[in-house]
Structure formats: C-alpha cells, structure tokens
Amino acid sequence: MTEAVQTVIRHFINIPIMIASWFTFFFPLDFGFLGSSGLAVIVYAASNFTIKKIQQKSIMKKYDLTASEYFHIRNQIKEANAKVRTLNSHYLKVRSISSFKQLFELNRLAKRIIALVKANPKKFYQAENFFYAHLDSAVELTSKYTFLVSQPSKNREMKLALEDTRETLESINTVMEDDLKNVLASDMEHLRMELDFAKLSVSKKAKPLYLKGETKDERKYLK
C-alpha cells in the first residue's frame, strides 16, 4: 500500500469522525459554533495521528523493521527525492541531446529505485550504495558538468574536464543500473520460484492417471 493510498484512507476515516464530533460538541454539549469547530479539528488531528501510527506499525511488522530502521529509511527516501529534484533542475542547462539523454536516464533509474524502496522499505538494504554514494555522485557530477558547459569560453583543460565528467557520468549510469538489478533481484528469484511451481503443477495435471494394471488403450475403451 502506497503512502498516497494510506493518506486517502486516513482522510476517508477521519472526515466522518470530525463531522460526528462537531455535531456532538455543538448540539448535546452546546459548545457553540467556534468551540465545536475547534474541538472537531483537534479530534481530527488526534485521529489522523493515531491511524498514521497504526499504519506505520503495520508496515514495520510486515517488513520486520524496527522503528529506528523504518524512520531512517523514510529519511533516506526523503533526502533522495530532494537530490532527484536537483537532478531535474539541470535539464535546461545541458547543451547536447546526448547529455540530455544521459541525465534523463539517471533520473529514470533514480526514481525507479526510490519508488521500489518506498513500496517495500526492506529493499533499502539492497540499494544502500545507491542512497549513500551513487546518487550523491550523480548529483555532484551533473552539477559540475552543467557549470562547466555554461562557461562562455573553454580552454583545453576545461574541455578535458568536460569529457572526463561525461565518461564518469556514463559509469555512474551503469552502476545505478546494477543498483536497480540488485533491488529487483529478490523479486526475480520469487518469480522464478513461482514459475517453477506453476510448471510443475501443469506437468502433473497433464500426465494421465491410470488405475493399477490399466493400459492407455483400456482407458480409451472405458471412455
């Protein structure tokens, strides 16, 4: 269940609670319009906080995470999203189609990895290098590259630095592809197991079952 879906569920539950509490405060308890409205908002906030905590505990239990692990992963995802926004800000600064494509691929890989970890926090441990090093390198090198490209005049040393940066970014791209493969590795293994089980089940069903001493011709005759 995504965070957006959880938020919708909380609002779906909390809005009726808030409305019911307002009527309770306004009519039977006679707190007045403003007092009832203020108390209803407090009830909404308290209910929202409680349900959110229940949802978080459910996720921790589902993926066998401690509270410190869960909130650390959430913070890493938040920081990673901020870094991706920094990458996005460089789109208008690149000067060539190849550089644009390279930046697009880096963004695509980064967003995909973050989305997978967000959906399954346990996958964070399969992408630690991405969060702690590779994404930082991509942001830093892209910033350096766009800065050098924007300079009006370029000497030989600057051109060499640009070429080196492009090559290093290409290497980072390859490394992030490996990060994505690592994140998907457990899913692929699970899929292979499911396929093997399905093939085994189909194979068993396809084999004709004969009674003891019964031949194939006898089975056809009985039919």
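No experiment lies behind these values; they were computed from the predicted model shown.

(A) Representation of the nonpolar core in the model. Membership of the largest hydrophobic core comes to 37 residues, with the highest contact counts inside it found for Ile 113, Ile 114, Val 117, Phe 130, Phe 131, Leu 135 and Met 176. Taken together, the elements giving at least two residues each to this core come down to helix 2 (32-62), helix 3 (67-88), helix 4 (97-119), helix 5 (128-149) and helix 6 (156-206). Ranked by residue count, the leading element in this core is helix 5, at nine residues.

(B) Fine view of unusual backbone geometry. Residues other than glycine seldom take positive phi values, yet Asp 30 does so here, at roughly 55°. Relative to the helices and strands, Asp 30 resides in the loop between helix 1 (3-26) and helix 2. With phi around 55°, Asp 64 is a residue other than glycine that occupies positive phi space. By secondary structure assignment, the location of Asp 64 is in the loop between helix 2 and helix 3. Residue Asp 64 is classed as exposed on the basis of its relative accessible area, which comes to 59%.

(C) Broad picture of the pattern of salt bridges. Summed over all chains, the structure comprises three salt bridges. Two residues, Asp 136 and Lys 83, come together in a salt bridge whose shortest N-O distance is 2.6 Å. Placement of Asp 136 in helix 5 and of Lys 83 in helix 3 is noted, with a sequence separation of 53 residues between them. The class of Asp 136 is partly exposed, set by a relative accessible area of 28%.

(D) View of the side chain of Arg 10. For Arg 10, the position within the fold is in helix 1. Discounting chain neighbours no more than four positions away, the residues touching Arg 10 are Asn 48, Ile 51, Lys 52 and Gln 55.

(E) The arrangement of the confidence of the model for the chain in detail. Summary statistics for the chain give a mean pLDDT of 85 and a share of 85% for residues scoring 70 or more. Averaged pLDDT values for the elements of the chain fall to 49 in helix 7 (residues 216-222) and rise to 95 in helix 3. Note that pLDDT drops below 50 for residues 218-223; the model gives that stretch six contacts with residues more than four away or on any other chain.

What counts, and at which threshold
Residues numbered from 1 in each chain as written. Predicted model: local features only at pLDDT ≥ 70, side-chain atom pairs only at ≥ 80, totals over all residues. Heavy atoms only, no water. Core = buried A, V, L, I, M, F, W, Y, C linked by side-chain atoms within 4.5 Å. Buried < 20%, exposed > 50% of the residue type's maximum accessible area, 1.4 Å probe, protein only. Helix = DSSP H or I, 4+ residues; strand = E, 2+ residues; numbered from the N terminus. Salt bridge = Lys/Arg side-chain N within 4 Å of Asp/Glu carboxyl O. Contact = heavy atoms within 4.5 Å. pLDDT = per-residue confidence, 0-100.

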